[in-house]
Amino acid sequence: MLANYFRNVSTDLLSLQPLASTTGNQNYLENTSAKIQNKGYEFTLNTRNIQGKNFSWSTNFQISVYRNKLLSYPNVDKIGANFSIIEGKTVNGIKLLNYVGVDPATGYYFYKTPAGVVGQNTFVLNPNNVSDRTEFVDLQPRFFGSLSNSFTYKSFTIDFSCTGRKRMGLNFMGQQTSTPGVLNLNSGISALKRWQKD
């Protein structure tokens, strides 16, 4: 059995910075004074289950627990499209609107602003994609691992592995980059479960 613990702090991270679109580009990469901490544990177990003259079977099991946290990022609020970068949180998260229901007459959904005001998502002027996103969802895997087995009979060997992870992830609709039907993009059948006026 092998166990490892690691912790490192990285600085001078590359980050996209906003740039006036009149320059021909909307952002550029720059070294920033951001500081991020990565730490975790890794455990590995290797076993030789059977060792015979003509047949052998061995197993490898590995599990990792990994976390990261943004320790500091001076002027993080100045990043133009900063939806999810928050000091003290993982960089593998996302900020979302605080959803509070659907308007039965129009199908627009309601959200609560940081001031506690209920707003209506009209997809044009509301919501403010930076300031109105108040709910942080951690998408960092809690753990991930693998299990591998190797069987050998004389000169013939077969190996198989399976991997897994526990995490909160975005569903299909949460990964859409555009509204279905825009730019000739189709959606899955889950879009048929949308709100519809009676």
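These numbers come from a predicted model, not from an experiment.

1. Quick notes on the overall build of the protein
Okay, step 1: Of the regular secondary structure elements, the protein holds zero helices and eleven strands.
Okay, step 2: The secondary structure elements of the protein, listed N-terminal to C-terminal, are β-β-β-β-β-β-β-β-β-β-β.
Okay, step 3: Burial status across the protein gives 21% buried among its 198 residues.
Okay, step 4: Considering only intrachain contacts with a sequence separation of at least 6, the fraction spanning at least 24 residues in the protein is 50%.
Okay, step 5: Approximately 14,100 Å² of the protein is accessible, and the part contributed by carbon and sulfur atoms is 55%.

2. Details of the sheet that holds strand β8 (residues 118-120)
Okay, step 1: Here we have four strands laid out as an open sheet, ordered β8-β7-β6-β9, and antiparallel in their pairing. Both edges of this open sheet fall to β8 and β9 (133-138), since each of them pairs with a single strand only. Going across the sheet, the axis of each strand differs from the next one's by a mean of 50°, ignoring polarity.
Okay, step 2: Judged from the five bridges that link them, strand β6 (residues 93-102) and β9 form a sheet pairing that is antiparallel. Opposite isoleucine 94, over in β9, you have valine 137 as the bridge partner.

3. A closer look at the pattern of salt bridges
Okay, step 1: By the definition in use, this model includes two salt bridges.
Okay, step 2: Measuring nitrogen to oxygen at the nearest pair gives 2.6 Å for the salt bridge that ties arginine 67 to aspartate 138. Of this pair, arginine 67 sits in strand β5 (residues 55-72) while aspartate 138 sits in strand β9, and the two are 71 residues apart along the sequence.
Okay, step 3: Classification of arginine 67 as partly exposed rests on a relative accessible area of 26%.
Okay, step 4: Looking at aspartate 138, the relative accessible area reads 18%, which means it is buried.
Okay, step 5: Here aspartate 138 makes a salt bridge to arginine 142, at a shortest N to O gap of 3.3 Å.

4. Topic: the packing of aromatic side chains
Okay, step 1: Scanning the model with the defined rule gives seven aromatic pairs in all.
Okay, step 2: Each ring, one from phenylalanine 151 and one from phenylalanine 160, has its centre 6.1 Å from the other, and the planes form 15°; the classification is stacked.
Okay, step 3: We classify phenylalanine 160 as partly exposed; its relative accessible area is 43%.

5. Things to note about the confidence of the model for the protein
Okay, step 1: Put simply, the protein has an average pLDDT of 85, and 87% of its residues get 70 or more.
Okay, step 2: At the level of individual helices and strands, the protein shows its lowest average pLDDT in strand β2 (residues 14-18), which scores 78, and its highest in strand β10 (residues 143-153), which scores 97.

6. Overview of the sheet that holds β5
Pairing between the strands of a sheet is mediated by backbone hydrogen bonds and can be parallel or antiparallel.
Okay, step 1: Here five strands make up an open sheet; going across it, the order is β1-β4-β5-β10-β11 and the pairing antiparallel. Of all strands in the sheet, those bounded by a partner on one side alone are β1 (2-11) and β11 (156-166). Across the sheet, the mean angle from the axis of one strand to that of its neighbour is 15°, orientation sign disregarded.

What counts and what doesn't
Residues numbered from 1 in each chain as written. Predicted model: local features only at pLDDT ≥ 70, side-chain atom pairs only at ≥ 80, totals over all residues. Heavy atoms only, no water. Helix = DSSP H or I, 4+ residues; strand = E, 2+ residues; numbered from the N terminus. Buried < 20%, exposed > 50% of the residue type's maximum accessible area, 1.4 Å probe, protein only. Contact = heavy atoms within 4.5 Å. Areas by Shrake-Rupley, 256 points an atom, 1.4 Å probe, with all protein chains shown as cover. Pairing = 2+ DSSP bridges. Axes fitted to C-alpha atoms, helices over the stretch in contact; angles between N-to-C directions. Salt bridge = Lys/Arg side-chain N within 4 Å of Asp/Glu carboxyl O. Phe/Tyr/Trp six-rings, centres within 6.5 Å; stacked < 30°, edge-to-face > 60°. pLDDT = per-residue confidence, 0-100.

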